[in-house]
Amino acid sequence: MSIKKQFIKTKPVCKVTFSFEAKEANTAAVVGDFNNWNPAEGELSKLKNGTFKAAFDLPKDNSFEFKYIVDGAYVNEPEADSYRWNEFANAENSVLEL
């Protein structure tokens, strides 16, 4: 699992690439504050090596809570910038700082 951040100098956005290795999984998505926790808007594509990956342009100078959904199970990002307790989910969410 990893997150790559590429800040765009000419725009107030950061291109964030999420990648998640799950060779045995069939589907994966990233959901969070930036896409209203909607799996359809955060679908990750599966590569031949078993890694799921996608890039999103997100507004910089923001903090976003997020999680991966892998075959229906919620998973945190071990390389997240931090973690935040979420009362609604009754669990910790990964946090992305831009």
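A short tour of the structure in this document, coming up. (Residues numbered from 1 in each chain as written. Predicted model: local features only at pLDDT ≥ 70, side-chain atom pairs only at ≥ 80, totals over all residues. Heavy atoms only, no water.)

### Comments concerning the environment of L44
Take L44: it is sitting in the loop between strand 3 (28-32) and strand 4 (45-46). In sequence terms L44 and E24 are 20 residues apart; their C-alpha atoms lie 15 Å from each other. Setting aside residues up to four positions removed in sequence, L44 forms contacts with F18, A28, A29, V30, F52, K53, A54, F56 and Y68. (Helix = DSSP H or I, 4+ residues; strand = E, 2+ residues; numbered from the N terminus. Contact = heavy atoms within 4.5 Å.)

### Thoughts on the packing of aromatic side chains
This model, assessed by the stated rule, comprises eight aromatic pairs. Pairing F34 with F64 gives two aromatic rings, centres 5.8 Å apart and planes at 85°, and the pair type is edge-to-face. Linking F34 in the loop between strand 3 and strand 4 with F64 in strand 6 (residues 63-70), this pair joins segments that are 30 residues apart in sequence. Exposure remark for F34: the relative accessible area of 19% places this residue in the buried category. Arranged with centres 6.1 Å apart and planes meeting at 90°, the rings of F66 and Y68 form a pair that is edge-to-face. With respect to burial, F66 and Y68 carry one shared label: buried. Among the aromatic side chains, those forming a connected cluster through ring pairs are F18, F20, F34, F56, F64, F66 and Y68. (Phe/Tyr/Trp six-rings, centres within 6.5 Å; stacked < 30°, edge-to-face > 60°. Buried < 20%, exposed > 50% of the residue type's maximum accessible area, 1.4 Å probe, protein only.)

### Thoughts on the sheet that holds strand 1 (residues 2-7)
Ordered by their spatial adjacency, four strands build an open sheet running 1-2-5-4, and the pairing between neighbours is antiparallel. Whereas interior strands pair on both sides, the edge strands pair on one side only; in this sheet they are strand 1 and strand 4. Here two bridges tie strand 4 to strand 5 (residues 51-59), and the two strands are oriented antiparallel to one another. The residue of strand 5 that forms the bridge with K46 is F52. (Pairing = 2+ DSSP bridges.)

Functional significance is not addressed by these values, which are geometric in nature.
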